[in-house]
Amino acid sequence: MKDEILGHLNDPGQLEKLYRANKTTFKRAFSTLYPELKGNTLADCWNERLNYESDEINWGTGRELLFVIVASLAAGFIAKLPAVFHIDEEFFYPRNIGFIVFPLLTVYFAWKNKLSAAKIAFIVGATLAGALFINLFPIAKKSDTLILSCIHLLLFLWSVLGFAFVDEMRNDGEKRLRFLKYNGDLVVMTTLILIAGAIMTGITLGLFSLIGFDIKEFYFKNVVIVGLAAAPIVGTCLTEANPQLVGKVSPVIAKIFSPLVIVMLVIYLIAIVYSGKNPYNNREFLLVFNALLIGVMAIIFFSVAEASKATKSYTETWILFLLSVLTIVVNGVALSAILFRISEWGLTPNRAAILGGNVLILINLLMVTTQLFRVLSKKADITGVGKTIAFYLPIYFIWTIIVTFIFPLIFGFK
């Protein structure tokens, strides 16, 4: 795209065609080139156009709005399948909760990016494979591999969504980082929608109760469940059509929480020593410890995704570096704990999954920390950190495939 812009810099018509073909990519490429083009009248006009922020909310085109309405109703219908067809909720929701939203978001980006027939076939095949496998999983009173498959199936479907978003199988670091940023923006927007929905629910139930109507059961079984299913779809439409809505909120959240998490981790690691509790002999403690690890990893990844968009200050880079080092320490404790439990009580599906996940995270953390150190040493710039994260993301996808589909076969669906 950069070469296309430079090659047609004095051709307004061709520049307009490039912009309309892929607005997001055009804007990012032009923003990178503009410091060199400043002073060129046409380039200055495009800079003003691309960076103009309207106070009005853009709801997208009519076709996009229609898609959101249809997709929201479809998500609500999928969520209501147990009630419509009298399916056991305890069977349906743990296995199929990911299919309520992820496939519809995948369809949205496949449609928006105009994916080829081959890529659409891959997406459909992967989604169907997941749906068939998890719903044909042998029923057992207790199955650790089923729980692992249900959890990792969500990550598998998330990875398929990422493929539709990125629209590339090759290592396109910028698009993969944009996918991470999209997830952060979506969390912010969906949270705001859910908060507004909760307020509306309270007001609605209160008003009807005043006139003697108890609609709580009907409202929660129909309106609330459809609203929960539709929220991520509506949030996606709003963030894609109005990047300015949360585009400035997410970086602020990342900047605020990064130093706070460092302080929390230091205090927590010290508190572990005095508490007498440790992940070596406490299974629940180990699970919480790993949840903490994943949460901190998410903050690092999102912070780096934001950092790669612009030059990061020296202080902010140091904060990311310290956060990465502390996370390596946390990961080391968790990894040693799971190795201890395996040596004492043997290998189980849960221990194998946690061990594999911790090893992958440790390798990723070491790569990111090394790159951050190179940035602090002025041997590289912050974009190298983003490229490292982007390069590693498919490895997590492969791991989700192994745990979701292969673990049950290895451990006999136990």
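Overview of the structure. Everything quoted here is computed from the prediction, not taken from an experiment.

### A look at the environment of R63
When you line up the elements, R63 lands in helix 5 (residues 62-79). Residues R63 and T327, spaced 264 residues apart in sequence, show a C-alpha to C-alpha distance of 44 Å.

### Some remarks on the side chain of N331
Relative to the helices and strands, N331 is located in helix 16 (residues 314-345). Excluding anything up to four places from it in sequence, N331 contacts L293, N358, I361, L362 and L365.

### What to know about the packing of helix 2 (residues 12-21) against helix 4 (residues 41-51)
Packing of helix 2 against helix 4 brings their axes to within 12 Å, and their N-to-C directions diverge by 30°. What the angle tells us is that helix 2 and helix 4 run roughly parallel. Between helix 2 and helix 4 the crossing geometry is right-handed. For the pair helix 2 and helix 4, the contacting residues are P12, L15, E16 and Y19 in the first and L42, W46, R49 and L50 in the second. In terms of residue class, the contact of helix 2 with helix 4 is made up of 6 nonpolar, no polar and 2 charged.

### Some thoughts on the packing of helix 5 against helix 8 (residues 102-112)
Closest axis-to-axis distance for the helix 5/helix 8 pair is 10 Å, and the angle between their directions is 160°. Considered as vectors, helix 5 and helix 8 are oriented roughly antiparallel to each other. Read as a crossing pair, helix 5 and helix 8 show a hand that is right-handed. For the pair formed by helix 5 and helix 8, the contact residues are R63, E64, F67, A71, A74 and A75 on the first element and L104, V107, Y108 and W111 on the second. For the contact of helix 5 with helix 8, the residue count by class is 8 nonpolar, no polar and 2 charged.

Definitions and cut-offs
Numbering of residues starts from 1 in each chain and follows the order in which that chain's sequence is written. Totals for whole chains, interfaces and linings use every residue, but because this is a predicted model, local features are given only for residues with pLDDT of at least 70 and side-chain atom pairs only at 80 or more, for both listing and counting. For side-chain calculations, the full set of non-hydrogen atoms in the structure is used, while hydrogens and water are omitted. Each helix corresponds to a stretch of at least 4 residues labelled H or I by DSSP, and each strand to a stretch of at least 2 residues labelled E; elements are numbered beginning at the N terminus. By definition in these notes, contact holds between two residues if any of their heavy atoms fall within 4.5 Å. In this analysis an axis means a line fitted to C-alpha atoms, helices contributing only their contacting stretch, and an angle means the value between N-to-C directions, from 0 to 180 degrees. Oblique is the label for every angle not falling under 35 degrees (roughly parallel), over 145 degrees (roughly antiparallel), or within 65 to 115 degrees (roughly perpendicular). Helix crossings get a hand from a simple test, with the near helix turned counterclockwise from the far one by less than a right angle marking a left-handed crossing and a clockwise turn marking a right-handed one. Basically, the charged four are Asp, Glu, Lys and Arg, the nonpolar ten are Ala, Val, Leu, Ile, Met, Phe, Trp, Tyr, Cys and Pro, and anything else, Gly included, counts as polar.

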